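For reference, the chains in residue letters:
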Amino acid sequence: MAKPNVFSCLFFLLLSVSISKGDWCVVKFSAPDPPLQSFLDSACSKLDCSPVRPGGSCYEPNDLKRHASWVLDLNYRTNNVCPLDIGTIAITDPSYGTCHYP
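Residues numbered from 1 in each chain as written. Predicted model: local features only at pLDDT ≥ 70, side-chain atom pairs only at ≥ 80, totals over all residues. Heavy atoms only, no water.

What follows covers the overall build of the protein. Counting its regular elements, the protein contains three helices and two strands. In the protein, the succession of α and β elements from N to C terminus is α-β-α-α-β. Looking at the protein residue by residue over its 102 residues, the buried ones come to 33%. Within the protein, contacts between residues separated by at least 24 positions form 74% of all contacts whose residues are at least 6 apart in sequence. Surface exposure of the protein reaches about 6600 Å², of which carbon and sulfur atoms provide 63%. (Helix = DSSP H or I, 4+ residues; strand = E, 2+ residues; numbered from the N terminus. Buried < 20%, exposed > 50% of the residue type's maximum accessible area, 1.4 Å probe, protein only. Contact = heavy atoms within 4.5 Å. Areas by Shrake-Rupley, 256 points an atom, 1.4 Å probe, with all protein chains shown as cover.)

Listed below in structure tokens is the structure:
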């Protein structure tokens, strides 16, 4: 029987980490502000975006990319869609402080 090589072991280790920890849809670093704002306006007309509104747990810092990341992930959880023109899949939990991603 063949022994597994280092690369196959590493692949399965990384796969198990991403499966056990989850994944999140977050803003792509290169995404320009106008499409992000358009996405927020559209998504928040259908989803509960109260955490990224004033007084919400994810409002501070008041930053478009942070707000859009939270809403992208909410959209991902709700509709199973991560729009790859402005978003990307992350395997590290982007939650911070009192802001917890869905």
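By the secondary structure assignment, S69 is in helix α3 (residues 64–79). Residue classification places S69 among the buried residues on the basis of a relative accessible area of 8%. Filtering out sequence-adjacent residues up to four positions away, S69 remains in contact with C25, V26, V27 and Y101.

On to the nonpolar core. Nonpolar side chains in soluble globular proteins tend to be buried together. Core analysis: the largest hydrophobic core is formed by 25 residues, its most contacted members being W70 and V71. Elements with a contribution of two residues or more to this core: β1 (24–27), α2 (33–43) and α3. Once residues lying within four places of it in the same chain are set aside, the contact partners of W70 are D48, C49, P51, V52, C58, C99, H100, Y101 and P102. (Core = buried A, V, L, I, M, F, W, Y, C linked by side-chain atoms within 4.5 Å.)

Here we come to the state of the cysteines. Applying the stated criterion across every chain, the model contains three disulfides. Here C44 connects covalently by a disulfide to C49, the sulfurs 2.1 Å from one another. Disulfide C44-C49: the torsion about the S-S bond is -95°, which places it as left-handed. Here C44 matches C49 in class, with each residue buried. C58 shares a disulfide with C99; S-S distance 2.0 Å. Around the S-S axis, the bridge from C58 to C99 shows a dihedral of about 100° and counts as right-handed. Of this pair, C58 sits in the loop between α2 and α3 while C99 is found in the segment after β2 (87–90), placing the two residues 41 residues apart along the sequence. (Disulfide = S-S within 2.5 Å.)

As enumerated under the stated definition, the model contains zero aromatic pairs in all. We note R66 situated over the ring of Y96; from NZ or CZ to the ring centre the distance is 4.6 Å. (Phe/Tyr/Trp six-rings, centres within 6.5 Å; stacked < 30°, edge-to-face > 60°. Lys NZ or Arg CZ within 6 Å of the ring centre and 35° of its normal.)

Structurally, D73 can be placed in helix α3. Those residues in contact with D73 that sit more than four places away from it in its chain are D23, W24, C25, Y101 and P102.

These values are about where atoms sit, not about what they do.
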